[in-house]
Amino acid sequence: REDYAFGLEQGVRVTLDNLHPLRHWAELFGGKELILRLDPGQGRGHHEHVRTAGVHSKFGIPMFELEEARELVDSAGAAVVGLHAHTGSGILQADNWHYVARHLVEALEVFPAVKFLDLGGGLGIPEKPGQAPLDMAAVSEWLDAVKAEFPQLELWMEPGRYVVAN
């Protein structure tokens, strides 16, 4: 509770990855803009220990809790301006961020005032000889399709180690 209160007092926009804070400390969030981290239901990555979404993941609000999330946000007097998801690390499948975007877009029915989707990171790099690199042109094509359909939304990504790892 104290960490949330301190961050909000400093003007930090908080990302909530579970409903506990809204259930128990709703008064902290009145008049605040929030980001919700959702669990799109499937994790990806080069090893099971780096997958941060899917069944039994401790990260993100499951899609089946969206209505409760909306009720709690409304009751607190807060506004959801961003939706976030992160499925894992070391991902080499170019369609991953399209998959994430499609799940976040589903939540727009519940949170229509959202301004941006944070599609997370986990952009993989070849780690073994002969391993194909992530096809960034294909990633771009997938994201261009989402942007064309939802031009009002900003799309964010977290490149992480991809920028420097090679």
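Details of the structure are given in the entry above.
Residues numbered from 1 in each chain as written. Predicted model: local features only at pLDDT ≥ 70, side-chain atom pairs only at ≥ 80, totals over all residues. Heavy atoms only, no water.

## Here we look at the pairing of strand β2 (residues 33-39)
In terms of residue burial, β2 counts as a mostly covered element, since 6 of its 7 residues are buried. With 3 bridges joining them, strand β1 (residues 14-16) and β2 adopt parallel strand pairing. For Thr15, the partnering residue across the bridge sits in β2 and is Ile35. Alignment of β2 against strand β4 (residues 79-84), held across 5 bridges, turns out to be parallel. Across the sheet, Ile35 pairs through a bridge with Gly82, a residue of β4. Examined bridge by bridge, β2 and strand β3 (residues 61-62) share 2 bridges and lie parallel to one another. The residue of β3 that forms the bridge with Leu38 is Ile61. (Buried < 20%, exposed > 50% of the residue type's maximum accessible area, 1.4 Å probe, protein only. Helix = DSSP H or I, 4+ residues; strand = E, 2+ residues; numbered from the N terminus. Pairing = 2+ DSSP bridges.)

## Let's talk about the nonpolar core
Leu22, Phe29, Leu36, Leu83 and Phe111 are the most contacted members of the largest nonpolar core, which totals 45 residues. Listed by contribution, the elements that provide at least two residues to this core are α1 (2-9), β1, β2, α3 (66-76), β4, α4 (96-106) and α5 (136-149). Of the residues forming this core, the biggest block, 6 residues, is contributed by α4. In contact with Leu83, other than residues within four places in its own chain, are Ile35, Leu36, Leu38, Leu104, Ala107, Leu108, Phe111, Val114, Phe116, Leu117 and Asp118. (Core = buried A, V, L, I, M, F, W, Y, C linked by side-chain atoms within 4.5 Å. Contact = heavy atoms within 4.5 Å.)

## Concerning the packing of α4 against α5
As a packed pair, α4 and α5 sit with axes 8 Å apart at the nearest point and diverge in direction by 20 degrees. Of the possible angle classes, the one that applies to α4 and α5 is roughly parallel. Every residue of α5 that contacts α4 at Trp97, His98, Ala101 and Arg102 is listed here: Val139, Trp142, Leu143, Val146 and Glu149. Grouping the amino acids of the contact of α4 with α5 by side-chain chemistry returns 6 nonpolar, 1 polar and 2 charged. (Axes fitted to C-alpha atoms, helices over the stretch in contact; angles between N-to-C directions. Parallel < 35°, antiparallel > 145°, perpendicular 65-115°, else oblique. Nonpolar A, V, L, I, M, F, W, Y, C, P; charged D, E, K, R; others polar.)

## Observations concerning α5
The end-to-end C-alpha distance of α5, which contains 14 residues, comes to 20 Å, matching closely the 20 Å that a straight helix rising 1.5 Å per residue would cover. All buried positions along α5 are accounted for by Ala138, Val139, Leu143 and Val146. Each buried residue of α5 sits inside an arc of 130 degrees when the element is viewed along its axis, so together they form one side. Projecting away from the buried face of α5 at angles above 90 degrees are the exposed residues Glu141 and Ala148. Lining the buried residues of α5 we find α4 and β6 (154-156). Sitting at the amino-terminal end of α5 is Asp135, which places a side-chain oxygen 3.2 Å from the backbone nitrogen of Ala137. (Expected span 1.5 Å × (residues − 1). Arc of directions from axis to C-beta. Polar contact = N/O pair within 3.5 Å; in protein donor to acceptor, adjacent residues only side chain to side chain.)

## Details of the packing of aromatic side chains
Counted according to the given criterion, the structure contains 3 aromatic pairs. With a centroid separation of 3.7 Å and an interplanar angle of 5 degrees, the aromatic rings of Phe116 and Trp156 are classed as stacked. Taken together, the residues Phe116 in strand β5 (residues 116-118) and Trp156 in strand β6 connect sequence positions 40 residues apart. A relative accessible area of 3% places Phe116 in the buried class. Given a relative accessible area of 33%, Trp156 falls into the partly exposed group. (Phe/Tyr/Trp six-rings, centres within 6.5 Å; stacked < 30°, edge-to-face > 60°.)

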